[in-house]
Amino acid sequence: MTVRDRDWVPPLELDPADEAVLIEETDAALPAIPPPPEPDAPRRAGLGRWFALGLAAVLAVALGFDTADLLTRAFATSWTLGGLAVAGLALAGVSLIGMVGREFLNLRRLRRIETLRAEADRLQRTRGHGEADRYAGELAALYSRRAEIAPAMERLRELVTDAHDDGEVIRLIDREVMTEIDRRAYQAVVRAARTTALVTALSPAAIVDVAVVFWRNLKLVREVAALYGARPGYAGSLRLLRRMLANLAVAGATESVHHVAVDALGGTLAAAISTRVGQGIVNGLLTARVGLAAMHLCRPIAFSPESRPSLGHIRAELLHLPKDVL
Amino acid sequence: LSLNALFEQATDAAGRLLETDVRLGVTGLRRSGKTVFTTAVVENLLRGGRLPFLDAISSGRFQAARLRPQPDHDVPRFALESHLAALTGPESHWPEPTRGISQLRLSIRCRPSSALWRTVQPLATVNLDIVDYPGEWLLDLPLLGQSFAEWSAFTIGLAEREPRAALAAGWRGWLSDTDPAAPAEEDRAREGAALYTAYLNRCREADCLLSILQPGRFIEPGDLKDAPLLTFCPLPGEARGRGTLWALMEERYEAYKTNVVRRFFTDHFARLDRQIVLVDVLGALGAGKAALTDMKRALEMSLEPFRHGAGGWLDWLLGRKIDRVLFAATKADHVAASQHGALKQLLDGLIGEARNAIRFDGAEVETMALASVKCTETVLAEHEGRTLKCVRGVPLGRDKPTVLYPGDIPEDMGALAAADARAYRFLSFRPPDGVGGDPRGLPHIRLDQALQFLVGDRLS
């Protein structure tokens, strides 16, 4: 009631002929992206961190000494060798800077997906009105160069009315635009799971399995990220990487287990085939899980419980594998 | 009869077996917008272009919808075409108040979402049956659970309080002159009924928008005009002996219950699958606190027959079939879109107890603010240095658009207590010109979400 007392405006009717009273609403004008929220003050560094810092400093110094030593020795031997060593060092240095620079660029785009996501979350929770246009504008900017999403964007523009609140606009974006991307990303995941499964089922050596799984996982994450127009955040990348490493370990281990299993089962052809197929399916499923995790991490709007992609379809797809192998 | 024809017949029969019927009960007090809701739902489903929140449509499984002959042949057909003409014609206006019962069947074809069903049946058919009727009749339903003495006590008690007391003066005068134990006289009964009807009509016309008007046929008789069934009125006191006025009135009340109310209920409400309760919250808000309280009471009363699950006195009729109930605050386009949240909360407060009871019975309940036909748009206006969210539309009876700031909707009824009577101002807007020309369907607010909640699961 206090709010009403202070700010209360009696109901009134205005004359629209007097154009001055109406404020034209700025239509999703793709405004500048707001700066990311300031991270919280770093936590008090623990003893472990001091230890790591000290160790890193010592290593850096040692590396510097060693490099300097190496260069001196190379130059002492011959000018050509010294030149080669310097060139190699420069190359390594420049590419390192390049890699770090690229990481930073990635990181900046990542931040963006994280703010987009936090913004979508907030809009859905508060259910205000009139703020979602800006969000839609940001997404439109993100996907402005994507021909395959243009029809969905067009449809969205047609469906959203001034009566929808922010949460509803976000849900419409989710349903009309995101599902389109989800579909493509899911297809990419299914494809990756299939190839991984097939190749690991057929490959003869553990090292080939590991290489294939690593390459395919990496490619899949890149594909999914490109589809959503954003790479996973820093924490998300770490999580993905950990999951991928686990997959590599499994790929290596199943190959070794395969031999044991075939021996145990009597070394028949059937046993060999069945364990290989099983191994392929496991690798395929694990790749699919990486892909789905990447989808979760790259999506500008978090999956709702209904739209969450599931392994079900992929599992069914992989069960066709025996037919493909034989 | 060739084998081929026989096969075709069998397929046809199997197809009919696989059709599902959904009986949607559109309930609402008078002037809550039942007719317009039904018209807008049917028109939008027929066109299918403006329902993004209906899963069957957004996922592309929706094939088409068509009007089909209705199942009950003795009920008039819902006059969809003339209602549409009223809404979309050159002189657009709202349909006339409903005077009688009517029915419509809309068949919706869509592809099943599960792959297994698709192999059995590539196209599923859902028949949506909707009944339209005067909202006045809805308040007859609580009579089923009340005896004449109970109903009389309740009604007379109600008429003794303001704002009804003034309106009921004539009838209450008659009551004080009348001895319920006197021998029954037809003239006396007719006099009382006429005075009582006049009182109900005065309540209906009153500015303070009173909702509890029983029995409904007194003010909207339908095909019962001047029937002896309608010549009774509440009488004070306990049951009297045979041959008295009281006994006569009680007999007619009971006959009214059996012949009118129970038939109405069994024919149209007993077999409902889904229910939407339309509530004109804004209308009551504009009329003041008394109107809101009265409406709250009327809603609770009218939901009672639907509400009791196992062990209720209507269990034998009802079963437990209504498994989803949607409460909708209609005419949401009368306020700016930013106010819809508050409107929904106000409705939540208004129907809180009824909703709990329905939930307790095991049905799903949802509330939302909707507009069957969206007549306004939300605009920002500058006024004395402040930015106000207003609505812009053409009010009924005018031909130029206006911009209206109707006042801030309170989120709960408690905040209403201190508000003065003229804190809100709502105008009745008319459908915008050229609204019928859009091939996508009529503009609306949240009609698609309402449909998704009510029938979405049957369409998958």
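The structure displayed is predicted, hence computed values, not measured ones.

Within chain B, the secondary structure is distributed over 17 helices and 10 strands. Taken over C-alpha atoms, the radius of gyration comes to 24 Å for chain B, in line with the 23 Å a tight globule of 460 residues would show. The dimensions of chain B, computed from C-alpha atoms along their principal axes, are 75 × 75 × 45 Å. Within chain B, residue pairs in contact and separated by at least 24 positions form 77% of the contacts whose partners lie at least 6 positions apart.

As a further point, take the side chain of Thr-376 of chain B. Along the chain, Thr-376 of chain B falls in the loop between strand S7 (364–369) and strand S8 (377–383). Within polar-contact distance, the side chain of Thr-376 of chain B engages the backbone oxygen of Asp-333 of chain B at 2.6 Å.

To continue, consider the sheet that holds strand S2 (residues 62–68) of chain B. Sheet strands pair by backbone hydrogen bonding; their relative direction is either parallel or antiparallel. Residue and element names in this part refer to chain B. Overall, mixed pairing links the 7 strands, which are arranged S2-S3-S4-S1-S5-S6-S7 in an open sheet. The open sheet terminates on both sides in strands that have one partner only, identified here as S2 and S7. Here the strands of the sheet are splayed against their neighbours by 20 degrees on average, with no regard to which way each runs. Sheet topology note: the strand S1 (residues 20–28)/strand S4 (residues 124–132) ladder contains 5 bridges and is parallel. If you follow Leu-24 over to S4, its bridge partner there is Ile-130. Its contacts with the sheet place helix H15 (residues 340–350) against strand S5 (274–279), strand S6 (324–329) and S7, and it is angled at close to 140 degrees to S7.

This brings us to the interface of chain B and chain A. Contacts between the two partners involve 45 residues from chain B and, on the opposite side, 27 residues from chain A. Interface area for chain B against chain A, summed over the two sides, is near 3,100 Å², with a carbon-plus-sulfur share of 54%. At the surface where chain B touches chain A, the tally comes to 3 salt bridges. Between Arg-446 of chain B and Glu-168 of chain A there is a salt bridge whose closest N-O contact spans 2.4 Å. The interface formed by chain B and chain A contains 9 residue pairs in polar contact (both at pLDDT 80 or more).

The next point concerns the nonpolar core. Grouped together as the largest cluster of nonpolar side chains are 90 residues, with contacts concentrated most on Trp-171, Tyr-199, Met-249, Phe-269, Phe-306 and Phe-327 of chain B. Among the elements that line this core, the one with the most residues is helix H11 (residues 245–268) of chain B, at 10 residues. Counting residues in each nonpolar core, the second largest holds 55 residues, with Ala-140, Ala-188, Val-290 and Leu-297 of chain A among its members.

Bringing the side chain of His-129 of chain A into the picture now. Positionally, His-129 of chain A belongs in the loop between helix H3 (79–126) and helix H4 (132–142). Non-local contacts of His-129 of chain A, meaning those with residues more than four positions away in its chain, are made with Asp-162, His-164, Asp-165 and Asp-166 of chain A together with Ala-337, Ser-338, Thr-378 and Lys-389 of chain B.

A few words on unusual backbone geometry. Residues and elements named next belong to chain B. Cis geometry marks the peptide bond from Gln-214 to Pro-215; its omega dihedral reads -5 degrees. Backbone geometry at Arg-31 places phi at a positive 60 degrees, although glycine is not the residue there. In this structure Arg-31 comes out as exposed when scored by relative accessible area, which is 58%. The residue Arg-446 is not glycine, and still its phi comes out positive at about 60 degrees. For Arg-446, the location among the structural elements is in the loop between strand S10 (402–405) and helix H17 (447–455). We classify Arg-446 as buried; its relative accessible area is 7%.

The subject of this paragraph is a nonpolar patch on the surface. Residue and element names in this part refer to chain A. A cluster of nonpolar residues, Leu-47, Trp-50 and Leu-53, forms a patch on the protein surface that exposes about 420 Å² of accessible area. Positionally, Leu-47 belongs in helix H2 (residues 47–77). Classification of Leu-47 as exposed rests on a relative accessible area of 75%.

Judged by which residues are buried, S10 of chain B turns out to be covered on both faces: Thr-402 and Leu-404 of chain B on one side and Val-403 and Tyr-405 of chain B on the other are all buried. Bridge count between strand S1 (residues 12–14) of chain A and S10 of chain B: 3 bridges; the pairing is antiparallel. In the strand pairing of S10 of chain B, Glu-13 of chain A is matched with Leu-404 of chain B. For strand S9 (residues 386–393) of chain B and S10 of chain B, the ladder comprises 3 bridges, and the chain directions are antiparallel. Considered in S10 of chain B, the bridge of Arg-392 of chain B is made with Val-403 of chain B.

Residue and element names in this part refer to chain B. In this structure the tally under the stated criterion is 21 aromatic pairs over all chains. Pairing Tyr-133 with Phe-269 gives two aromatic rings, centres 5.3 Å apart and planes at 85 degrees, and the pair type is edge-to-face. A residue pair is termed long-range when its members are at least 10 positions apart, and Tyr-133 in the loop between S4 and helix H6 (148–159) and Phe-269 in the loop between H11 and S5 qualify at 136 residues. We classify Phe-269 as buried; its relative accessible area is 2%. Centre to centre, the rings of Tyr-424 and Phe-426 are 6.2 Å apart; their planes meet at 5 degrees, and the pair counts as stacked. One aromatic cluster in this structure is built from Phe-148, Trp-151, Trp-171, Tyr-196, Tyr-199, Phe-218, Phe-232, Trp-246, Tyr-253 and Tyr-256. In this arrangement the basic side chain of Arg-217 is found over the ring face of Trp-137, its NZ or CZ atom lying 3.5 Å from the centre. When the ring centre of Phe-453 is taken as reference, the NZ or CZ atom of Arg-324 above it lies at 5.4 Å.

The rules behind each value
- Residues numbered from 1 in each chain as written.
- Chains lettered and ligands numbered in written order.
- Predicted model: local features only at pLDDT ≥ 70, side-chain atom pairs only at ≥ 80, totals over all residues.
- Heavy atoms only, no water.
- Helix = DSSP H or I, 4+ residues; strand = E, 2+ residues; numbered from the N terminus.
- Rg over C-alpha atoms; globule rule 2.2 N^0.38 Å.
- Contact = heavy atoms within 4.5 Å.
- Polar contact = N/O pair within 3.5 Å; in protein donor to acceptor, adjacent residues only side chain to side chain.
- Pairing = 2+ DSSP bridges.
- Axes fitted to C-alpha atoms, helices over the stretch in contact; angles between N-to-C directions.
- Buried area = accessible area lost by both parts, 1.4 Å probe.
- Salt bridge = Lys/Arg side-chain N within 4 Å of Asp/Glu carboxyl O.
- Core = buried A, V, L, I, M, F, W, Y, C linked by side-chain atoms within 4.5 Å.
- Buried < 20%, exposed > 50% of the residue type's maximum accessible area, 1.4 Å probe, protein only.
- Patch = residues over 30% accessible without salt bridge, like charges linked within 9 Å, V, L, I, M, F, W, Y side chains within 5 Å.
- Areas by Shrake-Rupley, 256 points an atom, 1.4 Å probe, with all protein chains shown as cover.
- Phe/Tyr/Trp six-rings, centres within 6.5 Å; stacked < 30°, edge-to-face > 60°.
- Lys NZ or Arg CZ within 6 Å of the ring centre and 35° of its normal.

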